[in-house]
Amino acid sequence: RLELRCERGGAELRLDAHPTLSVSRAALLPPPGGPGDAGGQELPVESRPFASYGSALHIALPQAPRAGQLLTLLIDYEAGEGPGVCWLSPEQTAGKQKPYMYTQGQAVLNRSFFPCFDTPSVKFTYSATVKVPEGFTAVMSATSWEKQKDNTFVFKMSQPIPSYLIALVVGDIVSADVGPRSRVWAEPCLIEAAKKEYDGVIEEFLVVGEKLFGPYVWGRYDILFMPPSFPFGGMENPCLTFVTPCLLAGDRSLVDVIIHEISHSWFGNLVTNATWGEFWLNEGFTMYAQRRISTEVYGLPYTCLEAATGRALLRQHMDATGEDHPLNRLRVVIEPGFCLFLGVNPDDTYNETPYEKGYCFVSYLAHLVGNQSKFDAFLQAYVNRFKFQSITADDTLGFFLEYFPELKEKGVDSIPGFEFDRWLNTPGWPPYLPDLSPGQQLMRPADELAELWAADGLNMEAIEAVDITGWRTYQLVYFLDQVLQKSPLPEGNVQRLSKMYPKISKAQNAELRLRWCQIVLKNNLEAEYSKVKDFLHSQGKQKYTLPLYRAMWGGSEATRALAMETFSATAPQLHVNVQNYVKKILGLGSAE
């Protein structure tokens, strides 16, 4: 049921939908308390092709409404086969006993879940009533949640949000409190681990976020640990962030991924990019906010080290695609016509550029201001000015210059080489890189240790003198990234390294496992190929899965065989998008 207010008159309503969504009836309901048939006046409805990722629902209205008029539309439809609704068999869950379903709206998938204006430029409140079978629980991205009789759940979201943030999960899930406004949700077999890992930490991050960016407006902040096949690290659905179970490292070493999702509570969910072509407004600001919170909680050196691993990912991405690839600019052109021309659907614009190049642009704005507390105050004013709105980069940069008139006077938007226009529209490496030198105290020992392991004759005395027991995740990740860059290492070195650091070669931490698997493949360490297979069997996160298939496919006959064997065994447990991306890497027919 859509409650609409007419902005501009026209006798046709067009909604986003999907070929898999079948509409049986559309009707105009009488105004509340007014005369007319309660079942409504039936309207002609037709589905027409729109783009590779969806169709358009054309609904003819009896007459053109006047501007400001309220309409209530009822649409009876059935959905479930589309890309936004994921049905998992029991073997794709952690418990392996019961099926599971979840929806994933970002970027343009919710049109296959319900007919809507599936654009981030439109925001609305919503409510839902969900009836599920006995033994299952439903949760949604909503500000209130109530269980009624007959296993029926009622949800209300009282703040306006864009369509991509509506999310539903139905499964065998339970919850545990981990803070005054937070609980963790997970399958019963994971709930203890989830509680232990996150008890007390979420509130600490929320408090720092509120101090920096203003009030947290969403009421609760709960986290749902998804089944292992969930393709993303996290999805910032309001009130209920979805995260990969890979975050349950057992030692709190990956909790900073949660800082990223918490930061979306201000940047993305509260102030939203009006189009997916300016996704950096969501992700560049969120990366900056995440690193501000991290600096307050963990200190500058550690945050700079984490940012250095982000910069390395941007470098890898730009080397792989070519710097001047059109997706490597902050403002990407996304039009249906353009999609067909470039094969670009908004989901495929997902890459490191809006995150890390976006972070560099926000850091550049902070650098122009030259004073951290002044820039923090600007961010708070920016959130306050645009909260519950969807905006463009021009809005953001216009507000920046209005807030700092002395910078506007200086013409900071057109400094040669650093023009705002160049930042937005020229592909390639960021013109400005924030100074990450405070991370050197953590990077230097890791660089030196990687050098030692890459040497022809191993200097075991020097290696044994380095104690890595106190190194935190990103210091180890940084070390492994350096080892990977220097690989293949001289004969025998990787075997020695594996024996010397079981903390790394036998790690349960997904970030370390990914890098170790990459090192195993780059060095043709056949004795440990089973670790690659085990890791790909244990989870289906896109960011971990695709690089390993690329590495296997770019390697020897043996690693190609390993890729084929692993994919045929794990394909059913992967998200359909990830299956298609892997098929493309392995040359198995064209990806959808």
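For clarity, every value in this text was computed on a predicted model and none was experimentally measured.

(A) Spotlight on the UniProt feature "active site" (unreviewed entry) in the protein. If you check UniProt for "active site" (unreviewed entry), the listed places come out as Glu 261 and Tyr 355 in our numbering. For the residues just named, distributed over 95 residues, the greatest C-alpha separation is only 12.9 Å, placing them together at one site. Within the secondary structure, Glu 261 sits in helix α3 (residues 256-263). According to the relative accessible area criterion, Glu 261 is buried, its value standing at 5%. Dropping the residues within four chain positions of it, Glu 261 is found in contact with Tyr 221, Gly 234, Met 235, Glu 236 and Thr 241. Mapped onto the fold, Tyr 355 is located in helix α7 (residues 352-369).

(B) The domain arrangement of the protein, seen in detail. Here the domain parsing of the protein yields domain 1 (1-79), domain 2 (82-265), domain 3 (272-334 + 351-425) and domain 4 (442-586). Using C-alpha coordinates to define each centre, domain 1 is positioned 38 Å away from domain 3.

(C) Broad picture of the packing of aromatic side chains. This model, assessed by the stated rule, comprises 47 aromatic pairs. With centroids separated by 5.6 Å and ring planes inclined at 80°, the aromatic side chains of Phe 386 and Phe 399 adopt a geometry described as edge-to-face. Pair noted here: Phe 386 is in helix α8 (residues 372-386) and Phe 399 is in helix α9 (residues 393-403), with a separation of 13 residues, a long-range link. Of the two residues, Phe 386 and Phe 399, neither departs from the other in class, the shared state being buried.

(D) Structural context of the sheet that holds strand β19 (residues 240-243). Strand order across the open sheet formed by 5 strands is β15-β16-β17-β19-β18, with mixed pairing between neighbours. Two strands lie at the open edges of the sheet, namely β15 (174-179) and β18 (234-235), each paired on one side alone. The pairing of strand β17 (residues 222-225) with β19 spans 4 bridges and is classified as parallel. Residue pairing for β19: Ile 223 is matched across the bridge by Thr 241. Across the sheet, helix α1 (residues 191-198) touches β15, β16 (182-186) and β17, and the angle it forms with β15 is around 10°.

(E) Looking closely at the nonpolar core. Formed by 176 residues in total, the largest nonpolar core has its most connected members in Tyr 198, Phe 400 and Phe 479. When neighbours within four sequence positions are excluded, Phe 400 is seen to be in contact with Leu 365, Leu 368, Val 369, Phe 375, Phe 378, Leu 407 and Phe 420. Listed in part, the 14 residues of the second largest apolar core include Leu 4, Leu 28, Leu 43 and Ile 59.

Cut-offs applied
Residues numbered from 1 in each chain as written. Predicted model: local features only at pLDDT ≥ 70, side-chain atom pairs only at ≥ 80, totals over all residues. Heavy atoms only, no water. UniProt positions renumbered as here; feature names shortened; annotations may be inferred. Helix = DSSP H or I, 4+ residues; strand = E, 2+ residues; numbered from the N terminus. Buried < 20%, exposed > 50% of the residue type's maximum accessible area, 1.4 Å probe, protein only. Contact = heavy atoms within 4.5 Å. Domains from an automatic or database assignment. Phe/Tyr/Trp six-rings, centres within 6.5 Å; stacked < 30°, edge-to-face > 60°. Pairing = 2+ DSSP bridges. Axes fitted to C-alpha atoms, helices over the stretch in contact; angles between N-to-C directions. Core = buried A, V, L, I, M, F, W, Y, C linked by side-chain atoms within 4.5 Å.

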